[in-house]
Each structure stands twice: as structure tokens, then as C-alpha cells.
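Here are the chains, one letter per residue:
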There are 2 protein chains.
Amino acid sequence: MVVLPLPFFQLCGMEKINLAIVEDDPLIRESLENFLTEHPSVKIRLIAKSMEEFLAAITDAASRPALDLMLMDIELPGMSGIQGIYHIKQKYPELDIVMLTTFEEEEKIFNSLCAGACSYISKRTPLATIREAIFTVHRGGSYMSPSIARKIAQHFMPKERKEGELLSARQKEIVQGIVDGLSYKMIADKLDISIDTVRDHIKRIYRALEVNSKAEVIRKSLEGEI
Amino acid sequence: MVVLPLPFFQLCGMEKINLAIVEDDPLIRESLENFLTEHPSVKIRLIAKSMEEFLAAITDAASRPALDLMLMDIELPGMSGIQGIYHIKQKYPELDIVMLTTFEEEEKIFNSLCAGACSYISKRTPLATIREAIFTVHRGGSYMSPSIARKIAQHFMPKERKEGELLSARQKEIVQGIVDGLSYKMIADKLDISIDTVRDHIKRIYRALEVNSKAEVIRKSLEGEI
DNA sequence: AATTAAACCACATCAACATGTGGTTGTGCT
DNA sequence: AGCACAACCACATGTTGATGTGGTTTAATT
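Counting from 1, residues in each chain are numbered in the order their sequence is written. Each chain gets a letter, beginning with A, and each ligand a number, beginning with 1, in the order they are written. Reporting in this predicted model follows two pLDDT cut-offs: at least 70 for local features of residues, and 80 or more for side-chain atom pairs to be given and counted; totals over whole chains, interfaces and linings ignore these cut-offs and use all residues. Hydrogens and water are ignored here; the side-chain numbers use all heavy atoms of the structure.

Colleague: Help me understand the domain arrangement of chain A, please; the structure alone is not making it clear to me.
Modeller: The parts lose accessible area when they come together, and the size of an interface is often stated as this lost area. The domain architecture assigned to chain A consists of domain 1 (8–156) and domain 2 (169–222). When each unit is reduced to the centre of its C-alpha atoms, the spacing between domain 1 of chain A and domain 2 of chain A is 44 Å. For every domain, the bounds stem from an assignment made automatically or drawn from a database.

Colleague: Looking at this structure, I do not really get the protein's contact with DNA strand C. What am I missing?
Modeller: Whether a residue is near a molecule or strand depends on its heavy atoms: if one lies within 4 Å, it is near. Not every one of the 18 residues close to DNA strand C is listed here, only the nearest: Y184(A), Y206(A), N212(A), K214(A) and S194(B). Those atoms of DNA strand C that come within 4 Å of the protein belong to sugar or phosphate at a rate of 64%. Polar contact criterion, stated in full: a pair of N or O atoms within 3.5 Å, where within protein one must be able to donate a hydrogen and the other to accept it, and residues adjacent in sequence count only if both atoms are side-chain atoms. Contact distances for DNA strand C include 2.6 Å between a phosphate oxygen and a backbone N or O atom of S194(B). A helix here means a DSSP run of H or I that spans at least four residues, while a strand means a run of E at least two residues long, and both kinds are numbered starting from the N terminus. Every element with two or more residues in the surface near DNA strand C is listed here: α9 (195–209) of chain A together with α9 (195–209) of chain B. With six residues, α9(B) is the largest single contributor of residues to the surface near DNA strand C. Here the surface near DNA strand C is composed, by residue class, of three nonpolar, seven polar and eight charged. The residue classification treats Ala, Val, Leu, Ile, Met, Phe, Trp, Tyr, Cys and Pro as nonpolar and Asp, Glu, Lys and Arg as charged. All others, Gly included, are polar.

Colleague: Even after reading the chapter, I still don't get the protein's contact with DNA strand D, so can you show me in this structure?
Modeller: Not every one of the 18 residues close to DNA strand D is listed here, only the nearest: S194(A), T197(A), H201(A), Y184(B) and K214(B). Sugar and phosphate atoms constitute 65% of the interface atoms of DNA strand D, taking the interface as everything within 4 Å of the protein. At a separation of 2.5 Å, a phosphate oxygen of DNA strand D approaches a polar side-chain atom of H201(A). Within the side chain of K203(B), a nitrogen or oxygen atom sits 2.7 Å from a base oxygen of DNA strand D. Ranked by the residues each element gives to the surface near DNA strand D, the list is headed by α9(A), at six residues. Residue composition of the surface near DNA strand D, grouped by class: three nonpolar, seven polar and eight charged.

Colleague: When you look at unusual backbone geometry in this model, what are you seeing that I'm missing?
Modeller: Positioned with a positive phi, D192(A) is a non-glycine residue whose angle comes to about 60°. If you trace the backbone, D192(A) turns up in the loop between α8 (184–191) and α9. A positive phi angle, close to 60°, is found at E210(B), a residue other than glycine. Take E210(B): it is sitting in the loop between α9 and α10 (214–222).

Colleague: In this structure, what is going on with the nonpolar core? I would like to understand it.
Modeller: Nonpolar side chains in soluble globular proteins tend to be buried together. As used here, the term nonpolar core means buried Ala, Val, Leu, Ile, Met, Phe, Trp, Tyr and Cys residues forming a set that is joined through side-chain atoms within 4.5 Å. Whether a residue is buried, partly exposed or exposed follows from its accessible area with a 1.4 Å probe, protein chains only, as a fraction of its type maximum: under 20%, in between, or over 50%, in that order. Ranked by internal contacts, the top residues of the largest apolar core, which has 110 residues, are L36(A), F54(A), I88(A), L36(B), F54(B) and I88(B). The criterion used for residue contact is that any of the two residues' heavy atoms lie within 4.5 Å. Leaving out residues up to four positions away in the same chain, F54(B) has contacts with A20(B), V22(B), L46(B), A48(B), L67(B), M70(B) and I88(B). One finds A215(A), I218(A), A215(B) and V217(B) within the second-largest nonpolar core, a separate group that totals 36 residues.

Colleague: How should the sheet that holds strand β2 (residues 42–48) of chain A be read in this particular structure?
Modeller: Sheet strands associate in pairs through backbone hydrogen bonding, adopting either a parallel or an antiparallel arrangement. Residue and element names in this part refer to chain A. An order of β2-β1-β3-β4-β5 is seen for the five strands of this open sheet, with the pairing classed as parallel. Unpaired on one side and paired on the other, β2 and β5 (119–122) mark the two borders of the sheet. Taking each pair of neighbouring strands and ignoring which way they run, the sheet shows an average axis angle of 20°. For strand β1 (residues 17–22) and β2, the ladder comprises six bridges, and the chain directions are parallel. Bridging from a neighbouring strand, I17 pairs with V42 of β2. Set on the sheet, helix α3 (residues 81–91) makes contact with β3 (69–72) and β4 (96–101); between it and β4 the angle comes to about 165°. Axis lines are fitted to C-alpha atoms, over the contacting stretch for helices. Their N-to-C directions set the angle, which ranges from 0 to 180 degrees. Across the sheet, helix α5 (residues 127–138) is in contact with β1, β2, β3, β4 and β5; its angle to β3 comes to roughly 140°. We treat two strands as partners when DSSP finds at least two bridges between them.

Colleague: Before we go on, may I ask you to explain the packing of aromatic side chains in this structure?
Modeller: Each aromatic ring pair is characterised by the separation of its centres together with the angle its planes make. Only rings of Phe, Tyr and Trp enter the pairing, Trp through its six-membered ring, and a pair is recorded when the two centres are within 6.5 Å. The plane angle decides the type: under 30 degrees is stacked, over 60 is edge-to-face, the rest tilted. Applying the stated rule across the entire model yields three aromatic pairs over all chains. Relative to F156(B), the ring of F110(A) lies with its centre 4.9 Å away and its plane at 50°, an arrangement referred to as tilted. Of the two residues, F110(A) sits in helix α4 (residues 106–115) while F156(B) sits in helix α6 (residues 146–156), which places them in two different chains. Residue classification places F110(A) among the buried residues on the basis of a relative accessible area of 8%. Overall, the relative accessible area of 13% leaves F156(B) in the buried class.

Colleague: What am I meant to see in the pattern of salt bridges here?
Modeller: Two side chains bearing opposite charge may form a pair once their charged atoms approach each other closely. All names here are of chain A. A pairing counts as a salt bridge when a side-chain nitrogen of Lys or Arg comes within 4 Å of a carboxyl oxygen of Asp or Glu. Evaluated as defined, the whole model comprises 20 salt bridges over all chains. Salt-bridge contacts for D196 lead to R199; the nearest nitrogen and oxygen are separated by 2.8 Å. Of this pair, D196 and R199 both sit in helix α9, separated by three residues, roughly a single helical turn. Since its relative accessible area comes to 52%, D196 is described here as exposed.

Colleague: Even after reading the chapter, I still don't get the interface of chain B and chain A, so can you show me in this structure?
Modeller: Residue-level contacts link 51 residues of chain B with 54 residues of chain A. Taken together, the two surfaces of chain B and chain A that pack against each other cover about 4300 Å², and 67% of this comes from carbon and sulfur. Between chain B and chain A we count four salt bridges in total. Joining chain B to chain A, the criterion identifies 12 residue pairs in polar contact (both at pLDDT 80 or more). For the side of chain B that touches chain A, the elements supplying multiple residues, two or more each, are α3 (81–91), α4 (106–115), α5 (127–138), α6, α7 (169–179) and α10 of chain B. If you tally residues by element for the side of chain B that touches chain A, the top one is α6(B), at eight residues. In the side of chain B that touches chain A, the residues fall into 30 nonpolar, 13 polar and eight charged. A simple way to read buried area is as the amount of 1.4 Å-probe accessible surface that goes missing from two parts once joined, with both sides added.

Below you can see the structure in the form of C-alpha cells.
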């Protein structure tokens, strides 16, 4: 995803971003540290080579650093970044977790998001972009690398039209109304057709999907089968 | 989401992006047209004020313009942008659809993505950023505005456990039956209780969840709210 | 003992749903 | 021209769902 960089002054006056980094590759870790340390709005509080090292450093409340955001790899020696999120969130419930990784397949992406990551960046991303992403996340937004964002969009996108798709466009509109919890009358009013037309569409939808109730239609729809 | 702008030369040599715009607000429509027309890599093929106008313009295969990408609002007079995606995809199955809208609530976002949009941009986004997003999408990536990306991340994020769970164990069994598409009678038979007991449970479930229909219960359940 | 809550149940009314049968119109195809 | 299909519509019947009111029993808590 591409946007113009925010003017520097927009971050002046803000508190510093307390950052942690968990990265096993020494070159990447040092590049990140060197680059991010240069910016006056970023304070690197903790750097670790593994999840175990990181968790050990935050176990004791007395010595635990205040953190706003962390950059974390997925593939780490020992516990993975994804597995570590659960433990991290116990100590820092409000922490913004940004995954920084080479993995771009759906499983890793959604496992990260479902675990609690709020941003997912490909390691092929320039350092300046990573820094902008940190600022964006800190302001309450999120950053996904363009290829990641595309995968997320594709996750939701209807699957490729199969030969002989089960439902027509109009029928799908009716289904959407059902899924939205509308009554037949409401659907009729919304689509500007008669309630008997809605009933007729529903009869055909039930026949096509081999179901006999609204509930079954809703479930098929929400589970991506329509 | 924020990234450094791509160097201009990266797009040189590429074919022009054949673009369509569907936007009812005249000021926005003209701003977009004027700004995007300036770039040599963008060719605006079609502009419409409504979905109906757009669909009318693409009905005839002989006069239908070649399109690679379109920018579309959601709230349009008559058919909404989301509703129109079904029809558009029939004529342009491979078209990249970028939603450009003021709406930022989850329902619109996910309805758009589920309908087939591959990018969702807030109207508060600068024109230069919109143009960069067009290039990103055309290259196979996607762009989501930072606030949109955050909502998507939050959609997957585990929900905070509320104090005092809403439903009892038995109620959850009833809910499972509803989600499975069972009728009241079927649930009664399955749990070996009377249909009036099922009705009573459902009354209490509806009150606890603040809903009034099976459909809403199913939706809340499949979306992880129960 | 008294109270509360969950689970169970009954009866009632009205609206919505599921399904059947029958029809017209417009569009696209052969 | 004839056919098929989608979309539209009407009327009908029986079932299911939503909701209201009222009740009993059991277990846990105070």
C-alpha cells in the first residue's frame, strides 16, 4: 500500500513511541535498531533475539519497560511470534503488535491477525516505510503491505465463479437481505418488489441450495458457501 | 496506511490503466477526473453519477470500454456501489474494484470486500494517495486506508472477554441448535425438552443479546460474539 | 426460612415463514 | 417462430417463530 509520507511535524509534540523489537536475524535486527533509533519520536526499550528472551525480560513487573508498540518476526528460534502474542498480551493488553516477516501466505497472515496482531508488514518493505507504518499504527490506524492487503481482500472476495453458479445476482441480493436479518416485507420494500416476489425468489434459493430454512441460508452465507 | 511514493519511472513503459469512476458528488467526481487525467499512465474511460448510468454504459458489448480498475462510491442514488458489484463483475470478471467512500463502519467495509472489492479507501484520503493506491492495486497489491486496515485487523482480533458471560450453558446449547439450522421442534427433540421450554430459552437469549430473530443470533454466533 | 436464579412447562395471539399452484413479461438463444 | 429462463406477481394453506402471561421445581445463597 502506498501513501505520501506524513509531514514530520505531525509527530512533533507527541510522546515518544516506546518500541520493542523481536528479531533473530542479526543484520535485520541491527538495521532496524540503527534506523529507528535515529528518529527522535522513537525510543527502543527492548530488543530480543527470541520470544523466550523477550518474555524473560518482561516477566518481572518492576523491571518491565513501558511499551506502546512492538515489531516482531514470526519465525523465531523456539516459540514463534504468533504463539508469543498470547503471552505478550497478558502483560501488555493494549500493546500494538506489528508483524514483520517474509511469510506472505494466508495462513500466517490470518493466524497473526487472529492472535492479536494489528499490522502485518513484509520484510521486503523499505525501512522508511516500516517507520511510517509504526507512526500510522501508533496513531490508531494500521498498515498492511500491499501484497498482504491484497490477500486479505481476496480472503473476503467471492470465490471464482464456478460453472453454473447456484444463484443469480438478484437471488444473492435476496440472500443478503436474509443475512442482514430483514423480514420478507423489509426485503420487498428495500428492493422495491412485492413480498410474493421475495417469497418466490426464496423458494428458488432454497431449491438451489438444498435447504429449507432461513437459518440454513444464513449459515451457508456467513461460512462463505454463497 | 503509509508508504513512500513509488518512483515515477517504475510505471513508465507500462500500459495505461483504463479507469472508470462512479461518484454522485459532482465536486469529488471532477476533482478525481482532473487530478487523475493529469497522469500519463491513467486513462479515464468512463465516468458515471450512478450505478444505473454506469451499468447502462457497459451493457452493450460492442460499445463497452476496456477497463482495468474502477473507483466507486458506496452510497449512490438508486443501486448502491456494493449492490452494483455483482452486475459489474458479470461484465468485467477480472476488474479491480476500489471503494472510495466516507463510510468507515465494519458492515460497509466487509460487505464491500465480500461483494468483491479489493481495496477500500476513505474519502478523507489525499488525491495523491488515491492515485498511488490505484497504481498499487493495478500492480496486484491492495490499499486500505489506515483506519480501514485497523478495523480489518480488529475484526480478526480476539474479543475482550466481558465481565459476566451473557448466556448460560444451556442457552448456548440452544444457540448451537439455532446456528445448526434446527427448528424449535428439532432442538426440543435433540435436547429432550419441550418445545415451550425451547421457546422460553430463546426469549431469554434474545433479551440477553438484545436481538429479535434467529438470523441475528446466527450472525452474532458465526461472527464470534457468542 | 426466605430469596433468587435457572430450568422447565403451558396456553395464547399474531406475524412471519415455507411451500404449493398458477400466471405474465422481457430477454436471449436456436 | 418457438423455446427456455429469470424476474415478477397473486392466492392459498399449514407450520414456525416471536412474544406475552402465568406457573412449578430445584439448587444455591443469604
